[in-house]
Amino acid sequence: AGSPVFLALHNNRAACHQQVQNWSAVVADTTAVLDQEPGNFKALLRRAVALEPLEKYEQSLRDARAVLRVQPGNEQANKLQH
(Lines give C-alpha, C1' and ligand atoms only; values in the text may rest on other atoms or scores of the structure.)
Protein backbone atom coordinates (compact mmCIF):
# COMPACT_ATOMS: atom_id res chain seq x y z
CA ALA A 1 0.00 0.00 0.00
CA GLY A 2 2.91 2.36 0.61
CA SER A 3 4.50 1.94 -2.80
CA PRO A 4 5.69 5.02 -4.68
CA VAL A 5 2.98 4.38 -7.31
CA PHE A 6 0.23 4.26 -4.63
CA LEU A 7 1.49 7.51 -3.11
CA ALA A 8 1.78 9.27 -6.47
CA LEU A 9 -1.65 8.13 -7.65
CA HIS A 10 -3.42 9.24 -4.50
CA ASN A 11 -1.55 12.53 -4.36
CA ASN A 12 -2.31 13.27 -8.02
CA ARG A 13 -5.95 12.27 -7.63
CA ALA A 14 -6.16 14.59 -4.62
CA ALA A 15 -4.89 17.41 -6.85
CA CYS A 16 -7.65 16.66 -9.36
CA HIS A 17 -10.30 16.66 -6.64
CA GLN A 18 -8.91 19.97 -5.39
CA GLN A 19 -9.41 21.53 -8.83
CA VAL A 20 -13.15 20.73 -8.69
CA GLN A 21 -13.43 21.58 -4.97
CA ASN A 22 -14.29 18.03 -3.93
CA TRP A 23 -12.80 18.68 -0.50
CA SER A 24 -13.83 15.43 1.21
CA ALA A 25 -12.14 13.41 -1.53
CA VAL A 26 -9.00 15.54 -1.21
CA VAL A 27 -8.91 14.78 2.52
CA ALA A 28 -9.46 11.06 1.94
CA ASP A 29 -6.70 10.74 -0.68
CA THR A 30 -4.17 12.90 1.15
CA THR A 31 -4.83 11.08 4.41
CA ALA A 32 -4.14 7.78 2.63
CA VAL A 33 -0.80 9.21 1.49
CA LEU A 34 0.03 10.65 4.93
CA ASP A 35 -0.79 7.36 6.64
CA GLN A 36 2.06 5.82 4.63
CA GLU A 37 4.34 8.85 4.44
CA PRO A 38 3.57 11.33 7.27
CA GLY A 39 5.99 13.97 6.00
CA ASN A 40 4.66 14.14 2.44
CA PHE A 41 4.76 17.89 1.83
CA LYS A 42 2.28 18.03 -1.06
CA ALA A 43 -0.26 15.87 0.75
CA LEU A 44 0.01 17.96 3.93
CA LEU A 45 -0.52 21.19 2.04
CA ARG A 46 -3.42 19.85 -0.02
CA ARG A 47 -5.13 18.46 3.07
CA ALA A 48 -4.62 21.71 4.98
CA VAL A 49 -6.28 23.62 2.14
CA ALA A 50 -9.15 21.10 1.86
CA LEU A 51 -9.93 21.01 5.56
CA GLU A 52 -10.66 24.75 5.74
CA PRO A 53 -13.83 24.76 3.56
CA LEU A 54 -14.96 21.67 5.51
CA GLU A 55 -14.76 23.92 8.61
CA LYS A 56 -12.17 21.67 10.24
CA TYR A 57 -10.06 24.64 11.21
CA GLU A 58 -7.93 23.10 13.95
CA GLN A 59 -6.91 20.19 11.72
CA SER A 60 -6.21 22.58 8.86
CA LEU A 61 -4.04 24.73 11.10
CA ARG A 62 -2.15 21.67 12.37
CA ASP A 63 -1.33 20.61 8.79
CA ALA A 64 -0.45 24.18 7.77
CA ARG A 65 1.98 24.44 10.67
CA ALA A 66 3.57 21.12 9.69
CA VAL A 67 4.10 22.56 6.20
CA LEU A 68 5.58 25.75 7.63
CA ARG A 69 8.08 23.80 9.76
CA VAL A 70 9.50 22.45 6.49
CA GLN A 71 8.98 25.55 4.35
CA PRO A 72 8.50 28.65 6.56
CA GLY A 73 7.80 30.97 3.63
CA ASN A 74 5.01 28.90 2.09
CA GLU A 75 2.40 31.48 1.13
CA GLN A 76 -0.55 29.08 0.97
CA ALA A 77 0.14 27.64 4.42
CA ASN A 78 0.71 31.11 5.88
CA LYS A 79 -2.71 32.26 4.61
CA LEU A 80 -4.39 29.36 6.41
CA GLN A 81 -3.12 30.70 9.74
CA HIS A 82 -5.17 33.88 9.46
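Residues numbered from 1 in each chain as written. Predicted model: local features only at pLDDT ≥ 70, side-chain atom pairs only at ≥ 80, totals over all residues. Heavy atoms only, no water.

## A word on the confidence of the model for the chain
Turning to step 1, where the next piece is worked out: Of the residues in the chain, 99% reach a pLDDT of 70 or more, and the chain-wide mean stands at 95.
Turning to step 2, where the next piece is worked out: Per-element averaging of pLDDT across the chain places helix H5 (residues 75-80) at the bottom with 94 and helix H2 (residues 23-36) at the top with 98. (pLDDT = per-residue confidence, 0-100. Helix = DSSP H or I, 4+ residues; strand = E, 2+ residues; numbered from the N terminus.)

## Side note on the environment of Arg 47
Turning to step 1, where the next piece is worked out: As for its placement among the helices and strands, Arg 47 is situated in helix H3 (residues 41-51).
Turning to step 2, where the next piece is worked out: Residues Arg 47 and Thr 30, 17 residues apart in the sequence, show an inter-C-alpha distance of 6.0 Å.
Turning to step 3, where the next piece is worked out: Arg 47 has contacts with Val 27, Thr 30, Thr 31, Leu 34 and Asp 63, leaving out every residue within four places of it along the chain. (Contact = heavy atoms within 4.5 Å.)

## Focus: the side chain of Asn 40
Turning to step 1, where the next piece is worked out: Considering the arrangement of structural elements, one finds Asn 40 in the loop between H2 and H3.
Turning to step 2, where the next piece is worked out: A polar atom in the side chain of Asn 40 sits 3.3 Å from the backbone nitrogen of Lys 42.
Turning to step 3, where the next piece is worked out: When neighbours within four sequence positions are excluded, Asn 40 is seen to be in contact with Asn 11, Val 33 and Leu 34. (Polar contact = N/O pair within 3.5 Å; in protein donor to acceptor, adjacent residues only side chain to side chain.)

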